[in-house]
Amino acid sequence: MKSILKLLFSAFSLSLVAPFLFGCSNNGYENIVVVYTTDVHCGIEDNIGYASLASYVKQEKKVNKSFTLIDAGDAIQGALVGSLSNGKYIIEIMNDLGYDIYTLGNHEFDYGMDAIKEVVDEFSGDVISCNVSYTGKKENKLKEVKPYSIVDYGFAKVGYVGVTTPSTIVTSAPSTFKEDGEIVYSFSADNLFEKVQQNIDECKNKGCKYVVLVSHLGSTDNYKPYTSVELINNTSGAIAVLDGHSHQVIDCSYYPNKDGINIPLCTAGYKMNAFGRMTIAPNGDVHLGLISKYDDKDVSTLQTIETIEKKIEEDTKKVVATSDLALSIYDESGIRIVRSRETGLGDLSTDAFREVGDTDIAIINGGGIRDNLKDGDLTFGDIKTVFPFGNNLCTIKANGQTILDYLEFTSRKTEKEYSKDGRAFGENGAFAQVSGLKYTIDTSIPSSVVTTDDGIFIKIDGPRRVKDVLILDGDQYVPIDINKFYTITSLNFVLIQGGDGANMFMKCEVLNPNIMLDNEALTYYIVNVLKGHLKDIYSTTGDRITVL
């Protein structure tokens, strides 16, 4: 119990901590206590970690009978432990902790529909999302997903309504959601708030005294028009929003709902750098806060993690390559730049793809490069950390105009400065790292890219900001020819599946649908082409992308 004194409730004064910790109220009824996580992204031992969370949860359950443990999405993807098991190892840990409710985030779908079906089946609590729907004629892989979960605490029922970002359709591979070439899963992009309101009302009609929205929407402007703030503004009847997706740390902020009532919003960070705690008093008072430090670790959960680590150890400990240079997706100050600027790791990755694909150019979306490449001995696990998704490489043939449209689309969010107030700015997961290609982005020209509400490319309707596009021809770069056809290597996520909404290649001729996995290509290139010597080429970037 001594570690409870170390809790940091940034939204609570110290005088308020004790009654909420022990769940007591003046009228003799317990407070409802909710602990929640979001965007853990396989960070099982990062920051606070699951073992410390498990210890905290056990302490809470000893003193609070009315207790619920919730995750707001993006738990199973983001590291080797997730990709090697399609998320199953993470679900095993979550079940061990006793998670009651789990909202689907966009990255829950990265391993495909069959994998998410298994995740839903194996999760011991309720998997929720009120705005996912299926219109196909085969098997609905998400049929066990509930729109909400109602918990009866005895003196009150609470409805927890799940909300998944509509951008899931492009931030995971669009082909994941298709049957016979048609999208059959959707996330209510055209009527999200109406859908949520319908489920709030339904919970109330089923006797819920309170309704809490467990959303994976994000609250910053780059997630508009589906932010958690707009969710509050356009609905009524919920008493709080527990949000994820934007990786922010927001202890408690208030926003007016549709009726003008201020509703609290909490966001619990990234990779367990914090977790949230909400109390609902019998009189309806709601208090939100974050816990950013807790040191005690649960022995049982540590044993579960150790068992899982042993399962993957044999596959990950083998040294598969050696590198004399470390490459990062961040700049020197720690700002992520791989989604807004050329990076040495982007150059290396696309050079590897172009080599194994034997094509004119190669591309990769910046969001597909997930972590740094260290120097020294590289294990399979080290390579998989860079490319955790295990995407297949493929080759296609596309004309110059299609390539120009792609670059225009992927550069639409790029800003002249890539950081603002100490955070990355102008990021876009689709941002194109390239090989065999050079281009310039003139940020003084506003983007004229037109997309659907889901973020899928439609057309360019105005001046273009991408210019001076050059293709490597032999040893020289020459201007791109809009009518000439070029061969391209990239992830199937980009070229065949239309990932990130970049659908312009999907009707192009496929030359080779399956070359090798992305991590295999990187390993091959480092070992067989570079012989481990990266310094001579990648110590500086290749001036492939210029931002004005």
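This text follows the structure it describes.
Residues numbered from 1 in each chain as written. Predicted model: local features only at pLDDT ≥ 70, side-chain atom pairs only at ≥ 80, totals over all residues. Heavy atoms only, no water.

### Quick look at the packing of helix α2 (residues 49-63) against helix α9 (residues 299-316)
Next, step 1: Viewed as axis vectors pointing N to C, α2 and α9 meet at an angle of 150°, and their least axial separation amounts to 8 Å. As the angle between them shows, α2 and α9 are arranged roughly antiparallel. For the pair α2 and α9, the crossing hand works out as right-handed. Along its contact with α2, which presents Tyr50, Ala51, Ala54 and Lys58, the element α9 presents Ser300, Thr301, Leu302 and Ile305.
Next, step 2: A per-class count over the contact of α2 with α9 returns five nonpolar, two polar and one charged. (Axes fitted to C-alpha atoms, helices over the stretch in contact; angles between N-to-C directions. Helix = DSSP H or I, 4+ residues; strand = E, 2+ residues; numbered from the N terminus. Parallel < 35°, antiparallel > 145°, perpendicular 65-115°, else oblique. Left-handed = near helix turned anticlockwise from the far one by under 90°. Contact = heavy atoms within 4.5 Å. Nonpolar A, V, L, I, M, F, W, Y, C, P; charged D, E, K, R; others polar.)

### Quick notes on the environment of Lys58
Next, step 1: Positionally, Lys58 belongs in helix α2.
Next, step 2: With a relative accessible area of 42%, Lys58 lands in the partly exposed category.
Next, step 3: For the pair formed by Lys58 and Asp298, sequence separation is 240 residues and the distance between their alpha carbons is 8.5 Å.
Next, step 4: Each residue touching Lys58, except ones within four places of it in the same chain, is listed here: Asp298 and Ser300. (Buried < 20%, exposed > 50% of the residue type's maximum accessible area, 1.4 Å probe, protein only.)

### Some points on the pairing of strand β20 (residues 393-399)
Next, step 1: Burial of β20 is extensive: five of the seven residues sit out of reach of the surface.
Next, step 2: Relative to strand β29 (residues 485-491), β20 runs antiparallel, the two sharing seven bridges. Pairing of Ala398 across the sheet is with Tyr486, part of β29.
Next, step 3: Pairing of β20 with strand β30 (residues 509-512) involves three bridges; the strand directions are antiparallel. In the sheet register, Ile396 faces β30, and the bridge partner there is Val510. (Pairing = 2+ DSSP bridges.)

### So, the packing of aromatic side chains
Next, step 1: Within this structure, the stated rule accounts for ten aromatic pairs.
Next, step 2: Seen in terms of ring centroids, Phe109 and Phe187 are 5.5 Å apart; in terms of plane orientation they differ by 80°. Their pairing is edge-to-face. Linking Phe109 in the loop between β3 (101-103) and α5 (113-122) with Phe187 in the loop between β10 (185-186) and α7 (192-205), this pair joins segments that are 78 residues apart in sequence.
Next, step 3: For Phe109, a relative accessible area of 0% translates into the label buried.
Next, step 4: Here Phe187 falls in the buried class, since its relative accessible area comes to 3%.
Next, step 5: These aromatic residues form a ring-pair network of at least three members: Tyr56, Phe275 and Tyr294.
Next, step 6: Residue placement shows Arg412 over the ring face of Phe409; its charged tip is 4.1 Å from the ring centre. (Phe/Tyr/Trp six-rings, centres within 6.5 Å; stacked < 30°, edge-to-face > 60°. Lys NZ or Arg CZ within 6 Å of the ring centre and 35° of its normal.)

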